[in-house]
Amino acid sequence: SDKQKEATSLIVEQLVESGIKLVASLPDDWIAPLIRAVDEDDRFRHVPVNREESAIGLCSGAYFGGIPSLALMGASGLMTCVYAITKINYSYLRGVIGDPRPHHIANGLYLTKLLDSISLPFLLVEEKKTIARIPAAFKHCQAMNRPEVVIFTEAVLRGEA
């Protein structure tokens, strides 16, 4: 939809504003338009990976090499990466009200609590206006020398919020 394209475009522009150069991603139908937009944009080097831990490892290596990067994955993928994130370093919230897929309810119940439990900062993007905070979140993670998670709700990704 046009709203979804607009939301995706806003997110991509904030990634550019943040200085992101490398994007690692895992296939996920929910963020597929965002992955496609990054892949087609010459301002990024996009690397599709087959495991969430590979995305974390790639982005961590890029960070240590001075290359601003991010990993795009679904919430369930992120939750499989706790070990990789905490051992190496220390695209959206599922299961919230309105999520039409009941098998993601557990992600909505636990994701932010899990991030809090390992002191992993996050920016929850529930409204279009919050997309503009992505560069600040990226600067925050650089200042802390830790990753920061940016979580998009489905409504934001569809351009409805």
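Here the structure is a predicted model, which is why all the values come from computation and not from measurement. (Residues numbered from 1 in each chain as written. Predicted model: local features only at pLDDT ≥ 70, side-chain atom pairs only at ≥ 80, totals over all residues. Heavy atoms only, no water.)

A count of helical and extended segments in the protein gives 8 helices and 5 strands. Its helices and strands taken in sequence order, the protein reads α-β-α-β-α-β-α-α-α-β-α-β-α from the N to the C terminus. Counting all 161 residues of the protein, 45% fall into the buried class. Carbon and sulfur atoms make up 54% of the accessible area of the protein, which amounts to about 8,500 Å² in all. (Helix = DSSP H or I, 4+ residues; strand = E, 2+ residues; numbered from the N terminus. Buried < 20%, exposed > 50% of the residue type's maximum accessible area, 1.4 Å probe, protein only. Areas by Shrake-Rupley, 256 points an atom, 1.4 Å probe, with all protein chains shown as cover.)

Another point: helix α3 (residues 52-64). Between the first and last C-alpha of α3 there are 19 Å, a value that for 13 residues agrees with the 18 Å anticipated at 1.5 Å per step. Among the residues of α3, those classed as buried are Ala-55, Ile-56, Cys-59, Ser-60 and Ala-62. Axial view of α3: buried residues confined to an arc of 160 degrees, hence all on one face. Gly-66 sits one or two residues past α3 and shows a positive phi near 80 degrees. (Expected span 1.5 Å × (residues − 1). Arc of directions from axis to C-beta.)

Glancing now at helix α1 (residues 2-18). With 17 residues, α1 extends 24 Å from end C-alpha to end C-alpha; this agrees with the ideal 24 Å at 1.5 Å per step. Among the residues of α1, those classed as buried are Ala-7, Thr-8, Ile-11, Val-12, Gln-14, Leu-15 and Ser-18. Taken end-on, α1 shows its buried residues confined to a sector of 160 degrees, consistent with a single buried face. For α1, the exposed residues set more than 90 degrees away from the buried face come down to Asp-2, Lys-5 and Glu-17. Immediately beyond the C-terminal end of α1, within one or two residues, lies Gly-19, with a positive phi of roughly 90 degrees.

As a further point, take the packing of α1 against helix α7 (residues 134-144). Contact pair α1 / α7: the axes reach a minimum separation of 8 Å and the direction vectors enclose 35 degrees. The interaxial crossing formed by α1 with α7 has right-handed handedness. In contact with Ile-11, Gln-14, Leu-15, Glu-17 and Ser-18 of α1, α7 contributes Ile-134, Pro-135 and Phe-138. A breakdown of the residues in the contact of α1 with α7 according to their chemical character gives 5 nonpolar, 2 polar and 1 charged. (Axes fitted to C-alpha atoms, helices over the stretch in contact; angles between N-to-C directions. Left-handed = near helix turned anticlockwise from the far one by under 90°. Contact = heavy atoms within 4.5 Å. Nonpolar A, V, L, I, M, F, W, Y, C, P; charged D, E, K, R; others polar.)

Here we come to the pairing of strand β1 (residues 22-25). Moving residue by residue along a regular strand, the side chains alternate between the two faces of the sheet. Neither face of β1 is exposed, since Leu-22 and Ala-24 on one face and Val-23 and Ser-25 on the opposite face are all buried. What joins β1 to strand β2 (residues 45-48) is helix α2 (residues 32-40), and the crossover it makes is right-handed. Pairing of β1 with strand β3 (residues 69-72), which is carried by 4 bridges, proceeds in the parallel orientation. Note on β3: the bridge partner recorded for Ser-25 is Leu-72. (Right-handed = clockwise from strand over helix to strand, strands pointing away. Pairing = 2+ DSSP bridges.)

Don't take any of this as a statement about function, it's just geometry.
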